[in-house]
Amino acid sequence: MNQYLARLPPPMVLTFAACDPSGGAGLQADLMTIAALGCHPLSVTTALTVQDTVGVASVLAIDADWVEDQARTLLEDMPVAAFKIGLLGSVENLAVIAEILADYPGVPLVLDPVLASGRGDELADQEMISGLREILLPLTTVLTPNTLEARRLATVDDADDDDHPTLADCAQRLLSFGCAYVLLTGTHDSSPRVVNRLYGGAGGGLVRSDAWDRLPATYHGSGCTLASALAAQLAIGLPVSDATRAAQEYTWLALAAGFRAGMGQHLPDRFFQMRRARGGRLDG
């Protein structure tokens with residue numbers, strides 16, 4: 001048999017995310033990250049956005065029927081080794097994506113709960129947050145919230161005004177909603193090092209804690225990069241704990257090699273390895 005015909009395809013990762021014209025976050029961030037880590041990226045567009053490195057101006061959700069058709073068409077044609085979810089765009093999209101993923105219980109799912117932009121632009125209302133808790137978390141292998149997102153997701157509508165759970169408590173609540181693991185990121189803390197903690201597994205406790213030097217810049221798309229890197233590592237076949245460590249290392253290096261493309265936040269350099277190998281040059 002011809003050696004080219006016999007070559008096996010790389011693991012395939014399907015991401016559900018919104019289009020980011022700046023290339024910093026969303027669908028574009030996922031595609032670059034997944035490809036950089038040796039997997040083949042498949043994509044379903046959930047929304048179109050008007051945004052740059054400063055913030056998000058507007059979001060136009062794709063019709064849920066189109067979201068379903070995109071996903072079903074791909075899944076009928078190609079085997080998927082992992083799923084990743086970012087900005088959903090609408091509650092209708094959330095519901096149809098959950099319906100699709102329920103048909104693939106053996107495929108790991110990484111959920112990045114995009115509730116606001118880096119600038120603070122609101123991207124999810126209370127109905128969306130409730131839908132995430134009730135419909136998607138039970139299907140999720142690893143949830144990747146920052147501390148602000150963890151508190152919002154863990155606080156139910158009828159919570160007492162005096163309810164101020166610790167972050168460890170938030171992680172336990174999120175696990176109780178049905179996800180297998182919670183990777184709680186410390187990017188929004190004020191500590192000199194960023195500490196990310198993975199909770200879950202059979203005992204539901206702390207699985208691992210990793211500390212990274214806090215970089216001086218702020219970054220557009222850091223959360224997307226981490227979640228899609230984790231999905232790629234799971235697709236390759238790493239267990240959750242090892243995949244979490246590998247995804248963090250890749251993300252930190254991409255951020256450290258990042259650049260300021262516009263007037264706002266820096267962008268991660270997802271292809272830092274290629275540029276480093278070429279001495280910073282883009283030509284051969």
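Look a little higher up for the structure.
Sequence order as written defines the numbering, with residues in each chain counted from 1. The model is predicted, so local features are restricted to residues of pLDDT at least 70 and side-chain atom pairs to those at 80 or more, both for listing and for counting; the totals for chains, interfaces and linings are taken over all residues. Side-chain metrics rest on all non-hydrogen atoms present in the structure, leaving aside hydrogens and water.

Novice: Explanation requested: the side chain of Thr 46 in the structure shown.
Specialist: Note that Thr 46 resides in strand 2 (residues 40-51). Accessibility here uses a 1.4 Å probe with only protein chains present; expressed as a share of the type maximum, an area under 20% marks a residue as buried, one over 50% as exposed, and anything in between as partly exposed. For Thr 46, a relative accessible area of 0% corresponds to the buried category. Residue contacts for Thr 46: discarding those within four places in its chain leaves Phe 16, Ala 17, Ala 18, Ala 61, Ile 62, Val 67, Leu 87, Leu 88, Gly 89, Asn 93 and Ile 97. Numbered from the N terminus, helices here are DSSP runs of H or I no shorter than four residues, and strands are runs of E no shorter than two. Whether two residues are in contact is decided by their heavy atoms: any pair within 4.5 Å suffices.

Novice: How should I be thinking about helix 5 (residues 147-154) in this particular structure?
Specialist: Every buried residue of helix 5 is accounted for by Thr 147, Glu 149, Ala 150, Leu 153 and Ala 154. Each buried residue of helix 5 lies within a common arc of 160° when the element is viewed along its axis, so the set occupies one face. Summarising the contacts, the buried residues of helix 5 are in contact with helix 4 (126-136), strand 6 (142-143), helix 6 (167-176) and strand 7 (181-184). N or O atoms within 3.5 Å of each other form a polar contact, as long as, within protein, one can give a hydrogen and the other can take it, and as long as residues adjacent in sequence are counted only when both atoms are side-chain atoms. With a side-chain oxygen lying 3.0 Å from the backbone nitrogen of Leu 148, the N-terminal cap of helix 5 falls on Asn 146. Along the arc lie the directions from the helix axis toward the C-beta atoms.

Novice: Can you help me understand the packing of aromatic side chains in this one?
Specialist: Aromatic ring pairs are defined here through the distance separating the ring centres and the angle between the ring planes. Any pair of Phe, Tyr and Trp rings, taking the six-membered ring for Trp, is counted once the centres come within 6.5 Å. Such a pair is stacked with planes under 30 degrees apart, edge-to-face with planes over 60 apart, and tilted for the rest. Applying the stated criterion across every chain, the model contains three aromatic pairs. Seen from their ring centres, Phe 16 and Phe 83 are 6.4 Å apart, and the 35° between their planes marks the pair as tilted. Of this pair, Phe 16 sits in strand 1 (residues 12-19) while Phe 83 sits in strand 4 (residues 82-85); the two residues are 67 residues apart in sequence, bridging distant segments of the chain. Of the two residues, Phe 16 and Phe 83, both sit in the buried class.

Novice: I tried to follow the sheet that holds strand 7 on my own but got confused; where do I start?
Specialist: Across a sheet, strands are paired by hydrogen bonds formed along the backbone, either parallel or antiparallel in direction. For two strands to be treated as a pair, DSSP must find no fewer than two bridges joining them. Strand order across the open sheet formed by nine strands is 3-2-1-4-5-6-7-8-9, with mixed pairing between neighbours. The sheet is open, and its two edges are formed by strand 3 (56-61) and strand 9 (206-213), each paired on a single side. Lines are fitted to the C-alpha atoms to define the axes, a helix being fitted only along its stretch in contact, and any angle between axes, read from their N-to-C directions, falls within 0 to 180 degrees. Lying on the sheet, helix 1 (residues 26-36) is in contact with strand 1, strand 2 and strand 4; it crosses strand 1 at an angle near 160°.

Novice: Honestly, the pattern of salt bridges in this entry has me stumped. Any pointers?
Specialist: Side-chain pairing between opposite charges can occur once the charged atoms of the two side chains come close. Whenever a carboxyl oxygen of Asp or Glu lies within 4 Å of a side-chain nitrogen of Lys or Arg, that contact is scored as a salt bridge. Scanning all chains against the criterion turns up seven salt bridges. The salt bridge involving Arg 275 is made with Asp 269; its shortest N-O contact spans 2.9 Å. Exposure remark for Arg 275: the relative accessible area of 24% places this residue in the partly exposed category. By sharing partners, the salt bridges in this structure join Glu 68, Arg 72 and Asp 103 into a single network.

Novice: What is the right way to read the nonpolar core from this model?
Specialist: If you look at soluble globular proteins, the nonpolar side chains tend to sit buried side by side. Leu 14, Phe 16, Phe 83, Ile 85 and Leu 136 are the most contacted members of the largest nonpolar core, which totals 43 residues. Per-element tally for this core: the top contributor is helix 3 (residues 91-101), with six residues. For this analysis, a nonpolar core means a set of buried residues of the types Ala, Val, Leu, Ile, Met, Phe, Trp, Tyr and Cys, connected via side-chain atoms within 4.5 Å. Of all hydrophobic cores here, the second largest spans 24 residues; its members include Val 13, Tyr 181, Leu 230 and Ala 254.

Novice: Honestly, the environment of Leu 74 in this entry has me stumped. Any pointers?
Specialist: Topologically, Leu 74 is positioned in helix 2 (residues 64-77). Note: C-alpha distance between Leu 74 and Gln 126 (52 residues apart in sequence) is 31 Å. Leave out the neighbours within four places in its chain, and Leu 74 touches Leu 14, Leu 42, Ser 43 and Val 44.

Novice: So what exactly am I meant to see when it comes to the state of the cysteines here?
Specialist: In a disulfide, the sulfur atoms of two cysteines are held together by a covalent bond. Pairs of cysteine sulfur atoms within 2.5 Å are identified as disulfides in what follows. Under the definition given, this model contains zero disulfides. Free of any disulfide, Cys 19 has its nearest cysteine sulfur in Cys 224, 12 Å distant. A relative accessible area of 11% places Cys 224 in the buried class.

Novice: Mind showing me how you'd approach the packing of helix 3 against helix 4 here?
Specialist: The axes of two packed helices give the description: the angle between them and the distance between them. Where helix 3 meets helix 4, the axes come as close as 10 Å, and the angle between the chain directions of the two elements is 10°. Considering their axes alone, helix 3 and helix 4 lie roughly parallel with respect to each other. From helix 3, Val 91, Leu 94, Ala 98 and Leu 101 reach across to helix 4, where they touch Glu 127, Met 128, Gly 131, Leu 132, Ile 135 and Leu 136. When residues are sorted by character, Ala, Val, Leu, Ile, Met, Phe, Trp, Tyr, Cys and Pro go into the nonpolar class, Asp, Glu, Lys and Arg into the charged class, and all the rest, Gly among them, into the polar class. For the contact of helix 3 with helix 4, the class distribution of residues is eight nonpolar, one polar and one charged. These descriptions rest on fixed angle ranges, namely under 35 degrees for roughly parallel, over 145 for roughly antiparallel, 65 to 115 for roughly perpendicular, and the rest for oblique.

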